[in-house]
Each structure stands twice: as C-alpha cells, then as structure tokens.
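If you want the building blocks of each chain, they are given just below.
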Amino acid sequence: MTTIIDGKAIADTIKTEIATEVKNLLDKGQRAPHLAVIIAGEDGAALSYVNSIEKQCKGVGYMASVYKFPAEVKEHDILATIDFLNTDSEIDGYIIQMPLPKQVSMDKVVAHVDPKKDMDCFHPVNMGNLLLGNDCFPPATPYGVMELLRRGNVETAGKNCVVLGRSNIVGKPLAMMLLQKNANATVTVCHSRTKNLPQMCRRADILIVAIGQPEMITAEYVKENATVIDVGIHRIPDETQPKGYKVCGDVKFNEVAPRCEAITPVPGGVGSMTMACLLLNTMKSYKAQLAGSDR
Ligand code: NDP
C-alpha cells in the first residue's frame, strides 16, 4: 500500500517544537525570535506567501516585520532597508520575497545581504557553505524536502535520487544536500535539455520533482515502488471546484501514487515544510545572535 507522506503533520510537529522552545525562552525573560520580510509589488502568490509567513511566525510566538513597497520602489530604498535589517540587533533574519521589480538590481541586493541574517540562502557565502557541507542557512524548500525525508523515515543512503529541475532555489541546492555525507544519496539532476527524461526518472528510488509544470510527471516516469516528492505547486482553473480552481503539483498524483512506495500530496506536502524550515533557520540565527551578544 502506498504511504502518503504527510508534510503538513510533520510541519505541525516542527512548529509545536519551536513554539515550546519560544515559550521557554520567554519564560526565562529572553526576547522572541524575529523574522523580517521585504516585499515589493502586488504579485498575488508572493503576497499570500508573505501573509502566511506573518501568520505562522505569530503562531509559534515569533515577532514578524513586513517591509512592503510599491512596484515603483526605488532601488536605494530596498538597499537601505537591507542595511537597516543587517544592523538591527533585534532582527534575527530576513528574506527578500521574489519577484523584485525590474528596476532593482539582484546583484546589488545580494551584495547587501548579510550572510548571517540570510534566511533563504541568497548569499553566495551561504550557497558556498552549503556546497562544502559546512554549517549554513539552507534554502527553505530544499531544507523542507530533506526534513520531510528524514522525519518521514525515507532512507537516502545509497539510493538513486533523481532531482528533476536545476533552479538555484530548489533543484541545485537540493542535489547538493542529498550528496552530503549525512544523506549519502547517489544523485542525478535532470532539466529541460535532458534526453530520455522518462527513462532517466525511472532509475530513481527517490524522484524529487521541481519543474513548475502542472501534473507533467505521469506513471511512465516512475519506477514501481519508488518514493516521489512533489515540490511543484499550481492553481489550475477548475469550474467543478467551489473556488473555480484546484491546487496541484508537478506530479499527476492519482496516476502515480498507486505505483509508489511513498508519495507527497499537493497541497499538504513540501509546501508546509518550506514554512516550517524558514522558522527553523530563524531560530538558529536567533541562537547565534544571542550567543554573539553574550560574548
Ligand atoms: P524554475 O522555473 O526556476 O525551474 C524549473 C526547473 O525545471 C528548471 O531547471 C527547468 O529546466 C526544469 N524544467 C522545466 N520544464 C521542464 C521540462 N518540461 N522537462 C524537464 N525539466 C524541466 O522553478 P523553481 O525551481 O522555482 O520551482 C519549481 C516548482 O516548485 C514550481 O512549481 C514552484 O511553484 C514550486 N515551488 C514550490 C515551493 C514550495 O514551497 N512548495 C517553493 C519553491 C518552488 P532548465 O533549467 O533547463 O530551464
């Protein structure tokens, strides 16, 4: 029988652990961890993600500050905000929500980010540490996938893992994390120029899909008894649904699930874990800040 890996339940466990830790800190008279978010423009998905960050922070007892700018924001206003967040000792970390308006240079933004407060692995120093297997703040979604595998008791050591997608925020860092000695997977990364994609994917004991193509991965891509992790998340128009759309992933769940040993659903899979891991990164930075201020 196929195991449905319940990302929401695992994320809820992580958030309960964090909330308990925050309560203990507050009981000892410490301040609460504090996460900030910079967002510019009116992208619906970005705004809803940021609303959710605020809500989840409050849910575990964190402080949350959102710096919201119009789409016409000047580059120097974003850079000045980053400089402020870098120096404010009561901000433990921040993320910069994408997309940024085109007049804001990503190179300049990244150059201003302090790696010690970089909660989403934007800065090359953090990405370099991730590659080297050093301590760092991993990007939240790949971190979420790794925690989902670990807490969902999916063994990665010696397994053939195929990562489908090579973006800087998901595919590439995830491949690096699977390769590290605490995961020990044998990793193949595929992308839009990969030849014989279904055949490559069928080699996978663990297939992780992050391609941004709704329900593209059908049964022909999946080996019998594989584990499938679906990172994709889409709203597809669907008149039969009360809201006029359905939420789905990159994997055609109903067709693929019966072949699998285990699979993540969408929603209720990786998405919930992304948020939980952002909170974990913030707690880690908070502890580092406190240790720094005690010295
Ligand atoms: P990107 O669009 O940045 O990258 C997609 C990757 O998939 C690219 O490497 C691209 O190849 C590859 N790809 C695209 N089409 C195909 C195809 N037909 N065949 C093979 N490879 C293909 O996406 P992201 O990495 O940002 O996100 C991937 C998915 O994950 C999206 O659905 C996104 O919404 C979701 N997501 C979910 C999150 C969560 O919290 N659950 C967080 C972040 C993302 P190439 O490099 O050659 O162009």
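These remarks concern the structure in this document. What you are looking at is a predicted structure, and each value in this text was computed from that prediction instead of being measured.

### Side note on the side chain of Thr 141
Piece 1. Note that Thr 141 resides in helix H6 (residues 140-151).
Piece 2. Once residues within four sequence positions are removed from consideration, Thr 141 is found in contact with Val 170, Val 231, Val 270 and Thr 274.

### Let's talk about the site of the ligand
Piece 1. As a matter of local geometry, the ligand sits amid 21 residues, with Arg 166, Ser 167, Ser 192, Gln 213 and Thr 274 nearest to it.
Piece 2. Contacts to the ligand include Ser 192, whose side-chain N or O atom sits 2.5 Å from an oxygen atom.
Piece 3. In isolation the ligand exposes 920 Å². Once the protein is present, 70% of that is buried.
Piece 4. For the shell around the ligand, the residue count by class is eight nonpolar, eleven polar and two charged.

### Focus on the pairing of strand S3 (residues 63-69)
Piece 1. Here strand S2 (residues 34-40) pairs with S3 via seven bridges, running parallel. Each bridged residue has a counterpart across the sheet, and for His 34 the counterpart in S3 is Met 63.
Piece 2. Crossover connection from S2 via helix H2 (residues 44-60) to parallel S3: handedness right-handed.

### Focus: the packing of H6 against helix H7 (residues 171-179)
Piece 1. Closest axis-to-axis distance for the H6/H7 pair is 9 Å, and the angle between their directions is 40°. With respect to the hand of their crossing, H6 and H7 are arranged in right-handed fashion. Where H6 abuts H7, its residues Pro 142, Tyr 143, Val 145, Met 146 and Leu 149 lie against Pro 173, Leu 174, Met 177 and Leu 178.
Piece 2. Taken together, the residues of the contact of H6 with H7 sort by class into nine nonpolar, no polar and no charged.

### Points about the sheet that holds strand S1 (residues 3-4)
Piece 1. Strands sit in the order S1-S11-S8-S7-S5-S6 across an open sheet of six strands; the sheet is parallel. Two strands close off the open sheet at either side, each with one partner strand: S1 and strand S6 (186-190).
Piece 2. Pairing analysis gives two bridges linking S1 to strand S11 (residues 262-263), with the strands arranged parallel. Opposite Ile 4, over in S11, you have Ile 263 as the bridge partner.
Piece 3. Of the strands in this sheet, strand S5 (160-164), S6 and strand S7 (206-209) are in contact with H7, which crosses S5 at around 170°.

### Some words on the sheet that holds strand S4 (residues 93-96)
Pairing between sheet strands relies on hydrogen bonds along the backbone, with the strands arranged either parallel or antiparallel.
Piece 1. Read across the open sheet, the three strands follow the order S3-S2-S4; overall the sheet is parallel. Each having just a single partner strand, S3 and S4 make up the two edges of the open sheet. Adjacent strand axes in the sheet meet at a mean angle of 15°, parallel and antiparallel pairs treated alike.
Piece 2. When S2 meets S4, the two strands line up parallel, connected through four bridges. Note on S4: the bridge partner recorded for Ala 36 is Tyr 94.
Piece 3. Running at roughly 165° to S2, H2 makes contact with S2, S3 and S4 of the sheet.

### Observations regarding H6
Think of an α-helix as 3.6 residues a turn; residues three or four steps apart then line up on the same face.
Piece 1. Here H6 spans 16 Å end to end across twelve residues, near enough to the 16 Å set by a 1.5 Å rise per residue.
Piece 2. Counting buried residues along H6, ten of its twelve residues qualify, which places the element largely inside the surrounding structure.
Piece 3. Every buried residue of H6 is listed here: Ala 140, Thr 141, Pro 142, Tyr 143, Gly 144, Val 145, Met 146, Glu 147, Leu 148 and Leu 149.

### Overview of the side chain of Asn 281
Piece 1. Position of Asn 281 among the secondary structure elements: in helix H10 (residues 270-294).
Piece 2. Asn 281 has contacts with Met 119, Phe 137, Pro 138 and Tyr 143, leaving out every residue within four places of it along the chain.

### Points about the nonpolar core
The tendency in soluble globular proteins is for nonpolar side chains to be buried side by side.
Piece 1. Residues Ile 18, Leu 149, Leu 178 and Ile 208 are the most contacted members of the largest nonpolar core, which totals 55 residues.
Piece 2. Elements represented by at least two residues in this core include exactly helix H1 (7-27), S2, H2, H6, S5, H7, S7 and H10.
Piece 3. Here this core takes eleven residues from H10, the largest share from any one element.
Piece 4. Those residues within four positions of Leu 149 in sequence are excluded, and the remaining contacts are Val 154, Thr 156, Leu 178, Ile 206, Ile 208 and Ile 229.
Piece 5. Ranked by size, the runner-up nonpolar core spans 19 residues in total, among them Leu 164, Cys 190, Ile 217 and Val 222.

Cut-offs and rules
Residues numbered from 1 in each chain as written. Predicted model: local features only at pLDDT ≥ 70, side-chain atom pairs only at ≥ 80, totals over all residues. Heavy atoms only, no water. Helix = DSSP H or I, 4+ residues; strand = E, 2+ residues; numbered from the N terminus. Contact = heavy atoms within 4.5 Å. Near = heavy atom within 4 Å. Polar contact = N/O pair within 3.5 Å; in protein donor to acceptor, adjacent residues only side chain to side chain. Areas by Shrake-Rupley, 256 points an atom, 1.4 Å probe, with all protein chains shown as cover. Nonpolar A, V, L, I, M, F, W, Y, C, P; charged D, E, K, R; others polar. Pairing = 2+ DSSP bridges. Right-handed = clockwise from strand over helix to strand, strands pointing away. Axes fitted to C-alpha atoms, helices over the stretch in contact; angles between N-to-C directions. Left-handed = near helix turned anticlockwise from the far one by under 90°. Expected span 1.5 Å × (residues − 1). Buried < 20%, exposed > 50% of the residue type's maximum accessible area, 1.4 Å probe, protein only. Core = buried A, V, L, I, M, F, W, Y, C linked by side-chain atoms within 4.5 Å.

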